[in-house]
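Reading the structure
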Amino acid sequence: MSCSETSADSIKDVNDGSVRSYSTGRAEIATSGLQERRILAGKKSDSEAEVENENADSCEDAYDVTEVQITNSIGSKNPNNTTHIYPIHSVSRSSILSRDSTTPTPSFVGFRNLTIIVLAVSNLRLVIENFIKYGVLIRFSQSGISKKDICFGILLTGIIPLHLFVAIIIEKAAAAPVMGYILRAQKNRENKSKAKQEELGKSQTIVEALKPRPKHLWRFIVFLHSVNSITCLVLTTIVVYFHIYNPLVGTLCELHAVIVCLKVASYALTNRDLREGLLHSEKPPEIYASATYPRNLTFSNLTYFWWAPTLVYQPVYPRSPAFRPVFFVKRMLEIIGSMFCIWLLSAQYAVPILEHSLIHFHSLHFVGIAERLFKLATVSMAIWLIGFFCFFQSALNALAEVMRFGDREFYEAWWNSRSVGEYWKLWNKPVTNYFRRHIYVPLVRRGWKPATASVMVFFVSAVLHELLVGIPTHNIIGVAFTSMILQIPLIQATAPLEHMNGGGIVGNYIFWLSFFIGQPLGVLLYYFAWNVKSGSIKNL
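The rules behind these values
- Residues numbered from 1 in each chain as written.
- Predicted model: local features only at pLDDT ≥ 70, side-chain atom pairs only at ≥ 80, totals over all residues.
- Heavy atoms only, no water.
- Helix = DSSP H or I, 4+ residues; strand = E, 2+ residues; numbered from the N terminus.
- Salt bridge = Lys/Arg side-chain N within 4 Å of Asp/Glu carboxyl O.
- Buried < 20%, exposed > 50% of the residue type's maximum accessible area, 1.4 Å probe, protein only.
- pLDDT = per-residue confidence, 0-100.
- Contact = heavy atoms within 4.5 Å.

Time to look at unusual backbone geometry. Look at the link from Y293 to P294: it is a cis peptide, with omega at 5°. Relative to the elements of secondary structure, P294 occurs in the loop between α10 (247–279) and α11 (299–307). Of note, L364 is a non-glycine position whose phi angle comes to about 55°, a positive value. With respect to the secondary-structure elements, L364 resides in the loop between α12 (325–362) and α13 (366–403). A positive phi angle is found at R404, which is not glycine, with a value near 55°. Mapped onto the secondary structure, R404 falls in the loop between α13 and α14 (420–426).

Any two side chains of opposite charge can pair if their charged atoms end up close together. Within this structure, the stated rule accounts for twelve salt bridges. Between R275 and E171 there is a salt bridge; the shortest N-O distance is 2.6 Å. Taken as a pair, R275 in helix α10 and E171 in helix α6 (residues 162–191) lie far apart in primary sequence, 104 residues in all. E171 gets classed as buried once you look at its relative accessible area, which sits at 0%. Of the charged contacts in the structure, one is a salt bridge between R331 and E334, with a shortest N-O distance of 2.7 Å. Of the two residues, R331 and E334 are both situated in helix α12; the distance of three residues between them amounts to about one turn of the helix. Here R331 falls in the buried class, since its relative accessible area comes to 9%. Given the relative accessible area of 22%, E334 is considered partly exposed. Each of R125, E129 and K133 takes part in a single network of salt bridges with overlapping partners.

Per-residue confidence for the protein gives a mean pLDDT of 81; residues scoring 70 or more make up 78%. For the stretch residues 1–68, pLDDT sits under 50, and the model shows 54 contacts to residues farther than four places along the chain or on other chains. Across residues 73–77 the pLDDT falls below 50, and counting only partners more than four positions away or on other chains, this stretch makes four contacts in the model.

Structural data, given as structure tokens:
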């Protein structure tokens, strides 16, 4: 209990006729309590003990002053009630929100709780409004996927991985002459005289001792790998664009093709560098010791890379000690729950908003478009966040557990990004690692400026985004491509905020605002274009 509270209690009971005895008793109790606090303060640091003792002395003085004032006032003949003349405002103090306040900055946790309550109530109102307008829109018996789409989807799912096995055949064909040259070189060295060996020098590499070199085959191997990976992407794109109507089935097939295409490229580039290192007698990284080139060119090694939750090929990956069934079951339950939430939000809330936006786009009613945009933004962001958790946290961890894949840093704390550029480095680590290893670093080593190499990375990413969105929706309108290209100036604008005092907060606001508005806008545009192409817009 504070000094002011104790003093107020003493003043409050003046009219009860027992002021002296009550206040004296209260002072004794307070004094004993203060002595206990002083004992506890002795166990603290010296500075804290001094503060405690000063507070104790001030409290004793307050009790003494209060008792004396009240006793003297009662003993006097002043007709006024003494409880109404006690000085409340005896010290100059500032409001706690003022700049000149001497008190520590207060916590605003209460306002945070209020914000959460307001958001919860506002969204609950939208849920009730949605139910009143549309009722229950979920239909378990209707999937919206035709048998034709299912057949083509299954066909592509079986064909796409074959390109990985074509890649290992190409690599085996490239490794055969390399090993032949190495064996011949070693044999030639054994047959050479000692004088000739000294003339060649001990530092001479295998490539320098070989004539002709096997590198004349490299361009042909690169050509074969390029044809293989591009064929994987082109064939899938043609089938999805012309033969699969459902956007969900088309997106899954196109995403599968993009992943395999990137894995084929990584497999080819990594093995090329391993061949070069072998010819130049370069020691590979220690982690690759159990599967050096060309011992890594096995179907079991390739199959592991096919299923591993990474886009970057390595002959050997860090492995977890053992498979954990409980961990795997938890991740699978998270996947099921997340997919149900996404389906519920999409069918019950997103679809009605999108359907009612068509008339505003058709009549170019910009106020109506803005209203639909902001209404969709909340639902879109919720679906995106749940989808992120479902894929990067649950699905990739479940797959990593099955494969005993050790490195599970699939993302970092991207939600605290201080700039847009920092977000792109943190949120999707498999893609970030791939572009850094196979595009950005090689270009910089070739003499490109880092800024120019970053532009090339975003250009490739923009093309892939347009394929993943435009092909399944049968509308290559360039919205996804443009949105990715526009990230470049946004990154440049927010990059200085990372190093400014308080700039990280501003950069985080800009990052969230760009995604909160940009994503639903893209969804609205592609949905309108999809309905225009299908002829649904004519019935409005």
